[in-house]
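Residue-level structure breakdown
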There are 4 protein chains.
Amino acid sequence: MMKFTELRREAYEANMEIEKQKLAIYTFGNASAFDPEAGVFAIKPSGVPYAELSPQAMVLVDLDGKVVEGDLRPSSDTPTHAVLYREFSGVLGITHTHSPYGVAWAQACEAVPIYGTTHADHLTEDIPCTEVMRDEAIRNNYEIETGNQIVQAFRGLNPLEIEMVLVACHGPFAWGKSAWKSVYNAAVLEEIAKMAWLTRILRPGTPRLKESLKRKHYDRKHGKDAYYGQA
Amino acid sequence: MMKFTELRREAYEANMEIEKQKLAIYTFGNASAFDPEAGVFAIKPSGVPYAELSPQAMVLVDLDGKVVEGDLRPSSDTPTHAVLYREFSGVLGITHTHSPYGVAWAQACEAVPIYGTTHADHLTEDIPCTEVMRDEAIRNNYEIETGNQIVQAFRGLNPLEIEMVLVACHGPFAWGKSAWKSVYNAAVLEEIAKMAWLTRILRPGTPRLKESLKRKHYDRKHGKDAYYGQA
Amino acid sequence: MMKFTELRREAYEANMEIEKQKLAIYTFGNASAFDPEAGVFAIKPSGVPYAELSPQAMVLVDLDGKVVEGDLRPSSDTPTHAVLYREFSGVLGITHTHSPYGVAWAQACEAVPIYGTTHADHLTEDIPCTEVMRDEAIRNNYEIETGNQIVQAFRGLNPLEIEMVLVACHGPFAWGKSAWKSVYNAAVLEEIAKMAWLTRILRPGTPRLKESLKRKHYDRKHGKDAYYGQA
Amino acid sequence: MMKFTELRREAYEANMEIEKQKLAIYTFGNASAFDPEAGVFAIKPSGVPYAELSPQAMVLVDLDGKVVEGDLRPSSDTPTHAVLYREFSGVLGITHTHSPYGVAWAQACEAVPIYGTTHADHLTEDIPCTEVMRDEAIRNNYEIETGNQIVQAFRGLNPLEIEMVLVACHGPFAWGKSAWKSVYNAAVLEEIAKMAWLTRILRPGTPRLKESLKRKHYDRKHGKDAYYGQA
């Protein structure tokens, strides 16, 4: 029970950070925090404005998407979160936003090209964009299929190295080793997406960052001899 | 009398939200709240800065645009509000803004194309743009004719499903089942208009969202089996 | 003396509004308030950050640009203000900013085209842009010549109807019937310049607003039968 | 010891200004303050969010990049700062940011063209952009080589007159006669970069500011007969 108290608090704080970082307005967007031992995650209730949230309002859900604890209906995107927790082992937090530059690339159905070191500080590939969902999948179980689309986009990619994605025609999902880290990654996605948008419009033929710079920046933060941050 | 107290308060809070959401500067923009039983709406006084508003400053007006109660002159756009309350049954609040991305599409005389699910969460069509008003109508009764232009743009469209419009060369009007909902819709309009602007500039040929995704997103929030929000 | 106390306060409040409306960063920009009977205006001291301003810090200057009262050196743009107060009878406040959209049009040496009613609510012409100053004038007395350039750009235009201008390669000046009104006009200029920028990029061939709409919007706020605002 | 207390405080305040001016999010960016007599500079610790900084958390480092005092690991960009303090005599503060418009020009590998007087108030040349680093240099000692790239870009330029640079594919560095002045210059860089971006997109062929205007604006602030600011 105390464990869930902490999990609710983590999810609550991540959700509040979505609004603070201006990654969504009103009730748009949602974040969750996962407890892998209990097989349970805490997520934003559906359609509730950020100003009305509290740790107690978070809904606890298992990996089948069933409510375990909580009076409110969970986010309509809950099944997408459940798929990602099941498939991306090691992920402990997920954030979904409608931040405008991320959405613009998603609506253009284009991956965000890696143009500079701000991007490479976080990942060495373009921010992937899923395929547009087929009509059959949309009619089937839309939110589960959204998770499946993301999983499919990560065939051959490591979700612990690339902690963000664009769902085509929709918008950003990000994740990480905590709920807080997932919303941090959602904010980074928006910042990188904005920089890439400004770069593309300024000079349409800008080439991608070269391999040596990508590796250098990623490895100094995330490689085995990383020297960024405190030990 | 107490009913009007409440109506003034609703109109006041919606007007203050216009400024809080940065949908207009200084005295631009206005919101109103309608009481259909009394046939009266409360609206912002003309030319008064947001910082100086109070519930008491709201002006009560009937559907002929005549002042029923209040010391101040009502918004110059009052006759437009009156036309919409008369013609769009079920609408209980209206907001007019000069938000910059909405204005940009209006000045370009172009509907905001539906490019993604953020848009489809709220309406399944482009945000309509009226015709440019004819000179005769401008000379006639401009603010009433602005309402007429909007009504005309909704021939064949349902104003309870599409709760927003661009008046060509002018800017956004939004409405809803409460004054608060109308300003929410005005903020959504600006957010969608910004995302569409960024998408169009990034990839000029971006196609509209396909039918199946439009229906899915709209229906999960607004359809008969809607599962977004709290019951 | 009390008169100047009031004049200093007006100038101070207008300067603080420059920062509040984000029309300039750090020490950029300046505002002044004019007392036509005394032939004196109060202006921001040169190079002092907004956070360090006070009514007492304002410098009192006559129309020859000579300091009448005050311990600090006045804004380096003081001679430009003096020219405008001398030449534009009826102007009681002037604001100069470096707001980014206004500067962009000024750097492109292009007037801001009148695309919509937000613009026409304030003026019925494009926001004028001066000629680029000739080298001889630059070597002569630059700040006085900046004023002269503005006066020249207004040959045939009424500065009490068009209360704003772009100085080519430089940025915006705005004025009005009070210091406060001048900074209001500087904020309006930036908002209109942003809307026009977004419109131009969205649809490069957008035509100017037609005559009937220009007149209607301007006259309902400023014409002899104006019905905007409180009587 | 008291001297270092002051140095830490200066570095701390400059770092906090990075966040206040929105020049970087979360842990991005860093600022340092240099004491040339002691041959020591105080710099932000690596990977610590701005909200958690304090004067005590600043790390003291000598010009070989060795930690002199402090419990935390210094910014990973410390060797770049050390190179610049060694090579650019007279510089007493350095700021590195990831501000979006500055990054956009850096990712496009293009100097920011001098289009107007806001730019010329601070420098009379384009904001230089370094060469893209060679693979060998990246493998060698990346952060030292970043400093070397900057020094190389300043062959024939005076770093006391041009106090800012873009590192290609990376982002802005700025410096000045104090830590505070360096972050001021970083904010100016972003403002100028934004204005230039807006100008370029509005009118792609915009010519650079002419020589006479460049000299006039720079000299009135920085020349021997400067008359901007207080004596």
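The structure displayed is predicted, hence computed values, not measured ones.

**A short note on the packing of aromatic side chains**
- Inspection of the entire model under this criterion finds 32 aromatic pairs over all chains.
- Members of the aromatic cluster, each reached through a chain of ring pairs, are A:Y101, A:W197, B:Y101, B:W197, C:Y101, C:W197, D:Y101 and D:W197.
- A:K221 extends its terminal NZ or CZ atom over the ring of A:Y228, reaching a point 4.4 Å from the ring centre.
- The aromatic ring of D:Y50 is capped on one face by D:K44, whose charged end is 5.0 Å from the ring centroid.

**Considerations on the sheet that holds strand β6 (residues 164–167) of chain A**
All names here are of chain A.
- Strand order in the open sheet made by the seven strands is β4-β3-β2-β1-β5-β7-β6, with antiparallel pairing throughout. Lying at the two open borders of the sheet, with one neighbouring strand each, are β4 (67–69) and β6. Across the sheet, the axes of successive neighbouring strands diverge by a mean angle of 25°, strand direction being ignored.
- Sheet analysis places strand β2 (residues 40–43) next to strand β3 (residues 59–62), joined by four bridges and oriented antiparallel. Its bridge partner being in β3, V40 is matched across the sheet by D62.
- Sitting on the sheet, helix α6 (residues 179–202) touches β1 (30–35), β5 (93–96), β6 and β7 (171–176), and the angle it makes with β7 is about 140°.

**Observations concerning the UniProt feature "domain: Class II aldolase/adducin N-terminal" (unreviewed entry) in chain A**
- Mapped onto the present numbering, the UniProt feature "domain: Class II aldolase/adducin N-terminal" (unreviewed entry) falls at residues 9–197 of chain A.
- End C-alpha atoms of residues 9–197 of chain A are separated by 35 Å, and the span's content is 38% helix alongside 16% strand.

**Here we look at the sheet that holds strand β5 (residues 93–96) of chain C**
Residue and element names in this part refer to chain C.
- Taken together, the seven strands give an open sheet; going across it, the order is β4-β3-β2-β1-β5-β7-β6, and neighbouring strands pair in antiparallel fashion. Of all strands in the sheet, those bounded by a partner on one side alone are β4 (67–69) and β6 (164–167). Direction aside, neighbouring strands of the sheet carry axes that sit 25° apart on average.
- Across four bridges, strand β1 (residues 30–35) lies against strand β2 (residues 40–43) in antiparallel orientation. Looking at the pairing, F34 lines up with F41 of β2.
- Running over the sheet, helix α6 (residues 179–202) touches β1, β5, β6 and β7 (171–176) and is turned about 140° from β7.

**Focus on the interface of chain D and chain A**
- Between chain D and chain A, the contact holds 33 residues from the first and 37 residues from the second.
- Considering only the surface of chain D that becomes buried against chain A, D:Y26, D:R73 and D:Q107 emerge as the three largest contributors, covering 23% of it.
- Counting the contacts that link chain D with chain A gives three salt bridges.
- A salt bridge links A:K210 to D:D135; the nearest nitrogen and oxygen atoms lie 2.8 Å apart.
- Our enumeration of links across chain D and chain A arrives at 21 residue pairs in polar contact (both at pLDDT 80 or more).
- Looking at the side of chain D that touches chain A, the elements that each hand over two or more residues are α3 (100–107), α5 (135–153) and α6 (179–202) of chain D.
- At six residues, α3(D) tops the list of elements feeding residues into the side of chain D that touches chain A.
- Grouping the constituent residues of the side of chain D that touches chain A by class yields 20 nonpolar, seven polar and six charged.

**Thoughts on unusual backbone geometry**
- Even without being glycine, C:Y26 reaches a positive phi, approximately 50°.
- With relative accessibility at 13%, the residue C:Y26 sits in the buried group.

Cut-offs and rules
- Residues numbered from 1 in each chain as written.
- Chains lettered and ligands numbered in written order.
- Predicted model: local features only at pLDDT ≥ 70, side-chain atom pairs only at ≥ 80, totals over all residues.
- Heavy atoms only, no water.
- Phe/Tyr/Trp six-rings, centres within 6.5 Å; stacked < 30°, edge-to-face > 60°.
- Lys NZ or Arg CZ within 6 Å of the ring centre and 35° of its normal.
- Pairing = 2+ DSSP bridges.
- Helix = DSSP H or I, 4+ residues; strand = E, 2+ residues; numbered from the N terminus.
- Axes fitted to C-alpha atoms, helices over the stretch in contact; angles between N-to-C directions.
- Contact = heavy atoms within 4.5 Å.
- UniProt positions renumbered as here; feature names shortened; annotations may be inferred.
- Buried area = accessible area lost by both parts, 1.4 Å probe.
- Salt bridge = Lys/Arg side-chain N within 4 Å of Asp/Glu carboxyl O.
- Polar contact = N/O pair within 3.5 Å; in protein donor to acceptor, adjacent residues only side chain to side chain.
- Nonpolar A, V, L, I, M, F, W, Y, C, P; charged D, E, K, R; others polar.
- Buried < 20%, exposed > 50% of the residue type's maximum accessible area, 1.4 Å probe, protein only.

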